[in-house]
Amino acid sequence: MFRNLLTALRASLWALPLALAACGQAPGPQGPQGPPEVTVARPLVMQVMDWDEYTGRLEAVGSVEVRARVSGYLESVHFDEGTVVEQGDLLFVIDPRPYEAALNEARAGLTSAEVRRDLARNDLARARKLFESRAVSEEELDSRNKELREAMASLEAARAAVQGSELDLEFTRVRAPIRGRIGRELVTVGNLVSGGTAQATLLTTIVSIDPVHVYFTADERAYLRYMRLLGEGDGQPDTAGVEVPVRLQLADEEGFPHEGRLDFVDNRVDEATGTMQGRAVLPNPDGLLTPGLFARVQLLGRGPYEAILVPDSAVGTDQSRRFVYVVDDDGQAARRDVEPGRRIGELRVIRDGLDGTERVVVKGLQRVRPGNPVKASETELERPQEGDGAAWTPPE
């Protein structure tokens, strides 16, 4: 019995360190801990411009469907598909021979009409002389006068016929109505094309290159904010009198390298979507902005104005309130409730709660307890890049 008691005592002694470890109690004395180490920085104060971002689609300023204006067999094609053509360049030739014959016939009719006019004019002159000598009656004189008027009308009709035939002959040579990039050849040589009607044969298409439009839509709140910023009270912003800058980014680009201006705002809000359509125009000298592409569009929403910025990671959340920790000169940490604004890169605009002179905790927020001392090391914040959603000029 004594041996069993001794065995149980030994087992209890062996189990004691394990029990202490399981309870989180490490054996041995624990040294005193100093104040937690944190990193602080003073907020950036700078002039910024807020840009509102939308998704847009590029469209050509000018787009033309090149159709035949006269009927006939296609004789030749004079362009390379997908290239840039200048206004007035020859694109297609429709067999001109029927129209050359029609023009010759019209010119012959014009000559005949001129002869009849001259004959009627001579007859009238003779009738007037004979009427003075009472050799012809007044009725005969009126008849000669009407014959001259009829000959003059026939002459005008003949001239119009010649003009129409000249136009038809000219239309057999189809030329580019605008400068732009031409599409593919939709009709090959030898095919019969019809022209001069609503169902005229489509030969190709041309879209202008420079400048280019981008269309986008903004919601009702954004539209109303723009209206108030422009100071308009009649329900329509004056895009002609106010230069509203716009920036654009393609899918494979960083930042917003393409700059333009707002040039059109629709006249009503879409009832189905609650959005207003806007349009900007951008220069496109190299032709990179191709109609049909999607793009990210930034429209100037506000600015420039002086803003206070801190790292977005320095802003904490307590239910519905946002706050930062500030450290005074004695190393005491205090909580400061703030009203955050929009994000610019890795920084956050602080609308209210800071004046820009405080030392804000930017690293080690989890170790801070309001009212307790901290060991602060100071750093400087980096200015955001222009492509991060804001453009700025340093305050003077």
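Every value quoted in this text rests on a predicted model; they were computed, and no experiment measured them.

1. Side note on the sheet that holds strand 9 (residues 192-193)
Here's step 1: Reading across the sheet, the 4 strands line up as 7-6-4-9 and stay open at both edges, with antiparallel pairing between neighbours. The open sheet has two edge strands, strand 7 (173-175) and strand 9, and neither has a second partner.
Here's step 2: Pairing between strand 4 (residues 72-77) and strand 9: 2 bridges, direction antiparallel. In the sheet register, tyrosine 73 faces strand 9, and the bridge partner there is leucine 192.

2. A look at the sheet that holds strand 10 (residues 202-207)
Here's step 1: On the basis of which strands lie adjacent, the open sheet formed by 4 strands has the order 3-10-8-5 and antiparallel pairing. Every interior strand has two partners, whereas the edge strands, strand 3 (63-67) and strand 5 (84-85), have only one.
Here's step 2: The sheet contact formed by strand 5 and strand 8 (residues 180-182) spans 2 bridges and is antiparallel. Looking across to strand 8, one finds that valine 85 is bridged to glycine 180.

3. Remarks on the confidence of the model for the chain
When pLDDT drops low, the exact placement of atoms in the prediction is not to be read closely.
Here's step 1: When the pLDDT values of the chain are averaged, the result is 82; 85% of them are 70 or greater.
Here's step 2: Of the regions scoring below 50 in pLDDT, residues 13-31 engages in 1 contact with residues more than four places distant in sequence or in other chains.

4. Some details on the pattern of salt bridges
Here's step 1: Counted according to the given criterion, the structure contains 26 salt bridges.
Here's step 2: Arginine 67 serves as the salt-bridge partner of glutamate 65, at 2.9 Å between the closest nitrogen and oxygen.
Here's step 3: Residue classification places arginine 67 among the partly exposed positions, given a relative accessible area of 32%.
Here's step 4: Here arginine 97 ties to aspartate 95 by a salt bridge, and the two come within 3.0 Å at their closest N and O atoms.
Here's step 5: The buried category is assigned to aspartate 95, whose relative accessible area is 14%.

What counts, and where the lines are drawn
- Sequence order sets the numbering: in each chain, residues are counted from 1 along the sequence as written.
- The predicted origin of the model limits local features to residues at a pLDDT of at least 70 and limits the giving and counting of side-chain atom pairs to 80 or more, whereas totals for whole chains, interfaces and linings rest on all residues.
- With hydrogens and water set aside, each side-chain value is computed from the structure's full complement of heavy atoms.
- Strand pairing is assigned whenever DSSP detects at least two bridges linking the two strands.
- Secondary structure counts use DSSP, requiring at least four H or I residues in a row for a helix and at least two E residues in a row for a strand, with both numbered from the N terminus.
- Scored from 0 to 100, pLDDT reflects the predictor's confidence in each residue.
- Whether two residues are in contact is decided by their heavy atoms: any pair within 4.5 Å suffices.
- The term salt bridge refers to a side-chain nitrogen of Lys or Arg lying within 4 Å of a carboxyl oxygen of Asp or Glu.
- When a residue's accessible area, from a 1.4 Å probe over protein chains only, is under 20% of the maximum for its type it is buried; when over 50% it is exposed; and in between it is partly exposed.

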